[in-house]
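# Examination of the molecular architecture
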Amino acid sequence: VASYGQALRLELDSHADTCCAGSSCAVLYHTGRVVNVSPFLDEYSSTKGIPIASVATAYDCPKTGAVIILVFHEVLYFGSRLRHSLLCPNQMRSYGVEVHDVPTQFQPDSPHSIVIHQEGTHSLLLDMTGVVSFLESRLPTTEELLDESLLRLSLTSDAVWHPHSEEIQLTETRIARTVHAVGRPTDGEHLRAVCHISSSHQTHTSPEEFTTDELSARLLSCVHISADALLPGSVGISADNDTVGVHKIDTRDRRSNITKEILSRRWGIGLNTAKRTLAVTTQ
């Protein structure tokens, strides 16, 4: 059993289809559901009756020393049977958490971190043990769990997690085929593909069937606001299913800070096309 001050690892594991909570995690509540867990080799028997729970672990911020309570919902709780916890990157991504799991040594522009957009934006830098990326955490004390002044960040949704849902595969296949079919598109083709991908869960209309007016409407409806474009006074972006909400915006001088150069770089279009787009875009 882990002691309260003992630092353990939350290891990223792309082969784990669900996050697995180990010794550094405390149970907040059980869902009442259990699951049988199969090992990576068929010759070993499965582990039966693993409870599905919501758990919390304490993360000591290396920059500020502040204690942050990280909460994971819909996880498999192993407790002391599992020394280091396993994090499923795609379970976190499905909740809107950014998982940058490529080490900086292999990709210089990679932040190699987990970024959470709650109560502002928080970047948890990943460390490495061998080739495995991880966060360091510890078992929280009862006082820390009850302390409402401590920042709490949720990394997975409390909605029932279906890791083997066919919809996940179908969505990826649909989007990937669209992207690969476009190849190196012209500016217009690129915009149509963007609109088609973003609206693929709502309609099966092909990009070629869009009129200019429909294209403009779809493009505006599919705009995603990046963190560097938030107005002063905003505290972040949170994702809930298909809805993106921007909270607590205080707008006074309403204007755009997007130039044709920025738009060209973000969308991969020519400067002339970017200039024309800005000229006719009202949002």
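Anything mentioned here points back to the structure above.
Ranked by size, the top nonpolar core spans 25 residues in total, and within it Leu70, Phe72, Met92, Ile114 and Leu135 carry the most contacts. Taken together, the elements giving at least two residues each to this core come down to strand S1 (8-12), strand S4 (47-60), strand S5 (67-77) and strand S8 (113-117). Top contributing element to this core by residue count: S5, with 4 residues. Ignoring sequence-local partners within four residues, the contact set of Phe72 consists of Leu10, Ala53, Ser54, Val55, Thr57, Leu87, Met92, Leu155 and Thr156.

What follows is about the state of the cysteines. Going through the model one piece at a time under the given rule, you end up with 0 disulfides. The closest cysteine sulfur to the non-disulfide-bonded Cys20 is located on Cys19, 7.4 Å from its own sulfur. Considering cysteine sulfurs only, Cys19 is the nearest to Cys88, which forms no disulfide, with 5.6 Å between them. Residue class for Cys88 comes out buried when judged on its relative accessible area of 5%.

With that settled, consider helix H7 (residues 271-280). Taken residue by residue, H7 has Thr273, Ala274 and Thr277 as its buried positions. In an axial view of H7, the angular spread of the buried residues amounts to 100°, which keeps them on one side of the axis. Away from the buried face of H7 by more than 90 degrees, exposed residues Asn272, Lys275, Arg276 and Ala279 are located.

All right, on to the packing of helix H6 (residues 260-267) against H7 then. For the pair H6 and H7, interaxial distance at closest approach is 8 Å and the crossing angle is 115°. With respect to their mutual orientation, H6 and H7 come out roughly perpendicular. Here H6 runs over H7; the crossing is right-handed. Of the residues in H7, those in contact with Lys260, Glu261, Leu263, Ser264 and Trp267 of H6 are Leu271, Ala274, Lys275, Thr277 and Leu278. A per-class count over the contact of H6 with H7 returns 5 nonpolar, 2 polar and 3 charged.

This part covers the pattern of salt bridges. Applying the stated criterion across every chain yields a total of 6 salt bridges. Here Glu11 makes a salt bridge to Arg9, at a shortest N to O gap of 2.7 Å. What makes Glu11 buried here is its relative accessible area of 14%. Overall, the relative accessible area of 23% leaves Arg9 in the partly exposed class. Several salt bridges converge on common partners, so that one network encompasses Asp60, Arg138 and Glu144.

For strand S3 (residues 26-37) and S4, the ladder comprises 7 bridges, and the chain directions are antiparallel. The partner of Ala26 across the bridge, within S4, is Ala56. With 8 bridges joining them, S4 and S5 adopt antiparallel strand pairing. Residue Tyr59 lies in a different strand from S5, and its bridge partner there is Ile68. Hairpin connection from S4 to S5: 6 residues lie between these consecutive antiparallel strands, with Gly65 at a positive phi of about 80°.

This part is about the sheet that holds S8. The antiparallel open sheet is built from 3 strands, whose spatial order is S7-S8-S9. Across the chains shown, the open sheet's two edge strands, defined by having one partner strand only, are strand S7 (98-99) and strand S9 (121-125). Bridge count between S8 and S9: 5 bridges; the pairing is antiparallel. Following the sheet pairing, Ser113 is matched in S9 by Leu125.

Turning to the packing of aromatic side chains, a few remarks are in order. In the structure shown here, the tally under the stated rule is 0 aromatic pairs. In this structure, Arg9 is placed above the aromatic ring of Phe134, and the distance from its NZ or CZ to the ring centre is 5.7 Å.

A word on the side chain of Glu144. For Glu144, the position within the fold is in helix H2 (residues 142-146). Polar side-chain contacts of Glu144 include one of 3.0 Å to the backbone nitrogen of Thr141. Those residues within four positions of Glu144 in sequence are excluded, and the remaining contacts are Ala58, Val67, Ile69, Arg138, Leu150 and Arg152.

In the Ramachandran plot, Glu74 falls in the positive-phi region, its phi being about 55° despite a non-glycine side chain. With respect to the element layout, Glu74 can be found in strand S5.

Take the side chain of Gln91 next. If you trace the backbone, Gln91 turns up in helix H1 (residues 89-93). When sequence neighbours within four positions are dropped, the list of residues in contact with Gln91 reads Thr18, Cys19, His73, Glu74, Thr156 and Trp161.

Now for the pairing of S9. Along S9, the buried face is formed by His122 and Leu124; none of Thr121, Ser123 and Leu125, which line the opposite face, is buried. Taking the residues between adjacent antiparallel strands as the criterion, S8 and S9 are bridged by 3 residues, where Glu119 takes a positive phi near 55°.

Parameters at a glance
For every chain, the first residue of the written sequence is number 1, and numbering continues from 1 onward in sequence order. Whole-chain, interface and lining totals are the exception, using all residues; otherwise, since this is a predicted model, local features are given only for residues with pLDDT of at least 70 and side-chain atom pairs are given and counted only at 80 or more. Only hydrogens and water are set aside when side-chain values are computed; all heavy atoms of the structure are taken into account. Take the buried Ala, Val, Leu, Ile, Met, Phe, Trp, Tyr and Cys residues and link them wherever side-chain atoms come within 4.5 Å; each set so joined is a nonpolar core. Relative accessible area decides the class of each residue, using a 1.4 Å probe on protein chains only: under 20% of the type maximum gives buried, over 50% gives exposed, and in between gives partly exposed. Put simply, DSSP marks the helices as runs of H or I at least four residues long and the strands as runs of E at least two long, and each gets a number from the N terminus on. Residues are treated as being in contact if the distance between any of their heavy atoms lies within 4.5 Å. Disulfides are defined as cysteine sulfur pairs within 2.5 Å. Working note: the arc is built from the helix axis to C-beta atom directions. Orientation is described by axes fitted as lines to C-alpha atoms, over the contacting stretch for helices, and by angles from 0 to 180 degrees between their N-to-C directions. Convention used here: angles under 35 degrees read as roughly parallel, angles over 145 as roughly antiparallel, angles from 65 to 115 as roughly perpendicular, and any remaining angle as oblique. Crossings are assigned a handedness: left-handed for a near helix turned anticlockwise from the far helix by less than a right angle, right-handed for a clockwise turn. By the convention adopted, Pro, Cys, Tyr, Trp, Phe, Met, Ile, Leu, Val and Ala count as nonpolar, Lys, Arg, Asp and Glu as charged, and the other residues, Gly among them, as polar. We define a salt bridge as a side-chain nitrogen of Lys or Arg found within 4 Å of a carboxyl oxygen belonging to Asp or Glu. Here, a strand pair is defined by DSSP locating no fewer than two bridges between the strands. Geometry of aromatic contacts follows a simple scheme: Phe, Tyr and Trp rings, the Trp one being its six-membered ring, pair when their centres are within 6.5 Å, and the pair is stacked under 30 degrees between planes, edge-to-face over 60, tilted otherwise. Distance and angle both matter: a charge sits over a ring if NZ of Lys or CZ of Arg is within 6 Å of the ring centre and within 35 degrees of the ring normal. Polar contact is defined as a pair of N or O atoms within 3.5 Å, subject to the rule that within protein one atom must be able to donate a hydrogen and the other to accept it, and that residues adjacent in sequence are counted only when both atoms are side-chain atoms.

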